[in-house]
Amino acid sequence: MNTPQIFDSPVKKEYQVTCPFCTVGCRFKILKGFDDVIFSERTQDELDFDYDSPINGGALCPRGHFAYELLSHPMRIGRSYYRSNGQLKPEVPELIFQNIADDLKKTKSKSPMAILINPMASLHDIRALLDFAQNNKIEAVDFVAPLDRHLFRAQIDSPFSHHRCDDSRMLKDLTYTFSIGDIFTKQPILSRHLLKAKYAFRKNALFCLNPIPSRTSWFANINLENNPHTEPLYLGYLFSKLYQAKQKQDGISDNNLKMLQKMYIAKIEPLISAHLNPEATGSLDEIARMLGSTSKLAVFYSTHHYNVLGSYISGLFCSAISAITGGYFIPLYSDGNFNAIEDLSSNIYSSLNIGRKPMLHLASTNVYQYLMAIGWNPITYIPGDIKFPEESRWIISSMVKDEYPPNTAALLSESHFYEKMDLRTNFISWQSIGSEPVISPIGSAQSIAHYIYLLHQQLVEEKINLEISGLPRYTSDWEENLDEEINYYTSKLEEITREEGIWLIPTDHIVHYKDAQLTRHSSWAAKECVDEEIALPSSLAARARLKNGQYYHADYNLTSIPFKTKINNLLPGDRLIGYGHSPNIRKIIPSEFADHNREYYFWCPKINIK
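Residues numbered from 1 in each chain as written. Predicted model: local features only at pLDDT ≥ 70, side-chain atom pairs only at ≥ 80, totals over all residues. Heavy atoms only, no water.

A. Local environment of the overall build of the protein. Looking only at helices and strands, the protein features 18 helices and 25 strands. Going through the 610 residues of the protein one by one, you find that 58% of them count as buried. In the protein, once contacts between residues fewer than 6 apart in sequence are set aside, the share between residues at least 24 apart is 74%. On the protein, roughly 25500 Å² of surface is accessible, and the fraction owed to carbon and sulfur atoms is 48%. (Helix = DSSP H or I, 4+ residues; strand = E, 2+ residues; numbered from the N terminus. Buried < 20%, exposed > 50% of the residue type's maximum accessible area, 1.4 Å probe, protein only. Contact = heavy atoms within 4.5 Å. Areas by Shrake-Rupley, 256 points an atom, 1.4 Å probe, with all protein chains shown as cover.)

Structure follows, in C-alpha cells:
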C-alpha cells in the first residue's frame with residue numbers, strides 16, 4: 001500500500017503592500033521567506049497578486065510585477081556618498097549637506113544651484129522640492145522628461161477646455177476609444193476597464209494609431225500603422241474633419257478652434273497627400289464619423305520615443321478634438337506624475353514657471369555651482385548625447401549603482417516611497433530577517449523630502465542665498481508657440497523623410513524605471529529586454545540572409561554598432577525595433593536643441609544594415 005508523501009512546506013507570512021513606483025496606488029502581496037536577508041540571492045520571498053484590492057483588482061504593470069525584485073536587488077544603493085580626494089566615499093547626509101553649504105557660502109556664485117527633477121519622483125518629494133525652490137527663490141527648477149516634455153507644454157498652453165477622466169471606471173461606459181501609441185503596456189487599470197468595455201459590455205470600439213504592432217493594436221477595431229513622427233498629420237486631419245462636421249451641424253463660435261483650423265489648412269493640410277495614403281484618410285474619415293456621433297469617447301495620447309517629435313502639436317489637436325466632441329482627452333505620460341504636476345504648476349507654484357523655461361539647455365550651456373539631478377542620471381537618462389559643463393558639480397539622487405559623471409559631488413541613496421508603507425517594502429532602510437525588522441544603518445536610503453529638509457536646514461543656519469531670477473522663459477501665446485512648432489516640425493519631418501535607410505524605432509518594453517537602469521537587473525528584463533537585440537522583419541532578414549540570434553552591424557552617421565537579431569514576423573518591412581534604454585541605441589538617436597525655443601528634441605534614426 002502506498003503511503004502519502006508528506007512535504008515540509010511552511011506557510012510564508014503574507015504582507016499587503018502598496019506598489020512604490022507611481023501614484024495609482026496598486027496593491028500586491030509579499031510572501032515573506034524565513035531567515036532570509038534582503039540583498040541575498042538565496043531569498044525565498046515571493047510577490048503575489050492582491051485580487052481583493054479595489055484599486056487594481058490584482059492587475060499589475062510589468063514594473064509593478066517586478067517591484068519587489070528590483071527594489072531588493074544588490075545593485076541598489078544603500079548608502080549616500082560624497083566626493084573626497086577625487087573619490088566618492090560613504091558619508092552621512094548631514095555631513096554631505098554641511099560640506100555643500102560651506103562650499104556655497106565660501107564661493108558665492110551668481111548661479112549657485114539648479115534643480116532638475118524626474119517627474120517619476122513621488123508627489124510628496126516633488127512638493128518638497130518645489131517648496132524648497134519657492135522658499136529659496138530658485139527659479140532654476142524644472143522637470144527633465146525627454147518623452148513627455150512637449151506634450152506637457154501643450155497642456156500648459158492649451159486654450160481648449162478638454163475633459164479629463166479622473167476615474168478609470170468611467171471608461172466602461174464609453175462608446176469609442178482612440179489611442180495614439182501603446183496604452184496597454186502603461187496603464188494596466190485602464191487596460192482592464194477598456195477590455196471589459198470591449199468584450200464584457202460589448203460597448204467600446206477601439207481605434208489605434210501606432211507605427212509598430214503593439215498590445216493596443218492587437219485589440220483595435222481600426223488599426224492605423226503610420227510612419228514614425230507623422231502623428232500630428234493624422235490628428236490634424238481628424239480634427240479638421242470633426243471641425244467641419246460640427247460647423248455644418250451646429251456652428252462653431254470658439255475663436256481658438258477657428259484659429260487652429262486656419263493653421264491646419266495653411267500649414268498641415270499641404271503635407272497630407274505626401275504622408276497619408278488614401279487608405280489612411282479613408283480610415284480617418286470613418287473614425288471621424290463615429291467620434292462625431294457621441295460624447296462617450298476618449299482620446300489617449302501615450303508618449304513614446306517614436307512620437308515625441310511633434311507631440312506639442314498633437315497635444316493641442318487632441319485637446320481641440322475633446323473640446324469639439326465633448327469626450328475625454330487623457331494624456332498618458334511615461335514619467336509618472338505630470339497629470340498632477342499640471343495642477344501644481346498653474347495653481348500652487350505659478351511663480352516658478354514650471355514647463356516654461358528651457359532648463360535643460362540652460363544647464364548644458366551655463367555653469368551652475370551645483371546641479372541637482374533628482375531621480376535621473378545625466379549619463380544614461382536622456383536620449384542622444386548632451387554635454388554638461390565640467391565646472392558644474394552634480395548632486396544626484398539615485399536608486400541604483402551605475403556610472404555617474406566624474407564631477408559628481410554627492411550621490412544620495414533614494415528610497416523612493418511615496419507613502420509610509422509596511423516595513424516589508426522598506427528594503428533599503430530595513431533588512432528583513434524573518435518577520436522582525438532591524439534598525440536601519442546610518443546614512444541609509446531616505447526620501448528626497450528628507451534630504452531637502454537637511455539641505456534647507458543648513459542653508460538657513462548659514463544664511464545662504466540661492467536666489468536665481470531673470471531666466472529666459474516662454475512669454476508667447478499658444479498661437480505663436482504653435483506656429484513656431486509647426487514650422488520646426490514640418491522642416492524636420494521633410495529632412496528625415498529624405499534620409500536613406502530603415503527606420504529604427506526605440507520602444508519601451510515597459511515604462512521607465514528610476515534611472516532607466518533597473519530594468520537590466522530583473523529576471524524578466526534579462527529575458528525580454530536584451531540591450532543588444534534588434535527586432536527586424538522576416539522579409540528583411542531573408543533579403544540580408546540573417547538568422548535569428550545572429551550578430552550583425554548597423555550603420556548610422558559613420559558609426560557602426562553590433563546588434564543581435566530577433567526576427568519578427570509582424571513587423572513592416574521598412575522598420576526595426578530596439579530597446580529604447582539600450583546605451584548603444586540611445587547614443588545614435590539624433591537630437592538637438594531647437595533654435596526657436598531652446599527645447600530638446602529627438603527622433604527615430606534611419607540606419608543601414610551590413
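B. Geometry of the sheet that holds strand β10 (residues 222-224). Judged by pairing direction, the sheet is parallel, and its five strands sit side by side in the order β10-β9-β8-β11-β12 without closing on themselves. Lying at the two open borders of the sheet, with one neighbouring strand each, are β10 and β12 (328-332). Neighbour to neighbour, the strand axes of the sheet diverge by 15° on average, direction disregarded. Two elements, strand β11 (residues 297-302) and β12, share five bridges in a ladder whose sense is parallel. Across the sheet, tyrosine 301 pairs through a bridge with proline 331, a residue of β12. Along the sheet, helix α11 (residues 311-325) contacts β8 (176-180), β11 and β12; its crossing angle with β11, the most-contacted strand, is approximately 170°. (Pairing = 2+ DSSP bridges. Axes fitted to C-alpha atoms, helices over the stretch in contact; angles between N-to-C directions.)

C. Just empty space enclosed by the protein, in detail. A complete count under the given rule lists five cavities of 30 Å³ or more for this structure. In this structure, the largest cavity spans a volume of roughly 170 Å³. What lines the largest cavity is a set of 16 residues, among which Phe143, Arg149, Leu360, Glu599 and Tyr600 lie closest to the centre. Those elements that place two or more of their residues in the lining of the largest cavity are β7 (141-143), α13 (359-365) and β24 (600-602). If you tally residues by element for the lining of the largest cavity, the top one is α13, at three residues. Residues belonging to the lining of the largest cavity are distributed by class as follows: 10 nonpolar, one polar and five charged. When residues are assigned to domains, the lining of the largest cavity turns out to be shared by domain 2 (81-149 + 366-462) and domain 4 (497-607), each giving three or more. (1 Å grid on protein atoms, 1.4 Å probe; cavity = no way out; pocket = protein on both sides within 12 Å on 5 of 7 lines; lining within 4 Å. Points joined across faces, edges and corners; volume = space filled by probe spheres on them. Nonpolar A, V, L, I, M, F, W, Y, C, P; charged D, E, K, R; others polar. Domains from an automatic or database assignment.)

D. Examining the environment of arginine 153 more closely. Summarising the element assignment, arginine 153 is placed in helix α5 (residues 149-157). With 189 residues separating them along the chain, arginine 153 and glutamate 342 place their C-alpha atoms 9.3 Å apart. Residue contacts for arginine 153: discarding those within four places in its chain leaves Tyr312, Gly355, Tyr474, Glu485, Asn597, Glu599 and Tyr601. In terms of polar contacts, arginine 153 uses its side chain to reach the side chain of histidine 150, at 3.2 Å. (Polar contact = N/O pair within 3.5 Å; in protein donor to acceptor, adjacent residues only side chain to side chain.)

E. How the structure looks around the packing of aromatic side chains. Tallying each qualifying case throughout the model produces 12 aromatic pairs. Ring geometry for tyrosine 600 versus phenylalanine 602: centroids 6.4 Å apart, planes at 45°, classification tilted. Grouping residues by exposure puts tyrosine 600 and phenylalanine 602 together as buried. Counting every residue linked through ring pairs, the aromatic cluster contains Phe239, Tyr243, Tyr264 and Phe317. (Phe/Tyr/Trp six-rings, centres within 6.5 Å; stacked < 30°, edge-to-face > 60°.)

F. Inspection of the packing of helix α8 (residues 231-249) against α11 at higher detail. Packing of α8 against α11 brings their axes to within 9 Å, and their N-to-C directions diverge by 25°. One way to sum up the angle between α8 and α11 is to call them roughly parallel. For the element pair α8 and α11, the recorded crossing hand is left-handed. Here α8 contributes Glu231, Pro232, Leu235, Gly236, Leu238, Phe239, Leu242, Tyr243 and Lys246 to the contact with α11, which in turn contributes Ile313, Ser314, Phe317, Cys318, Ala320, Ile321, Ile324 and Thr325. Partitioning the contact of α8 with α11 into residue classes produces 12 nonpolar, three polar and two charged. (Parallel < 35°, antiparallel > 145°, perpendicular 65-115°, else oblique. Left-handed = near helix turned anticlockwise from the far one by under 90°.)

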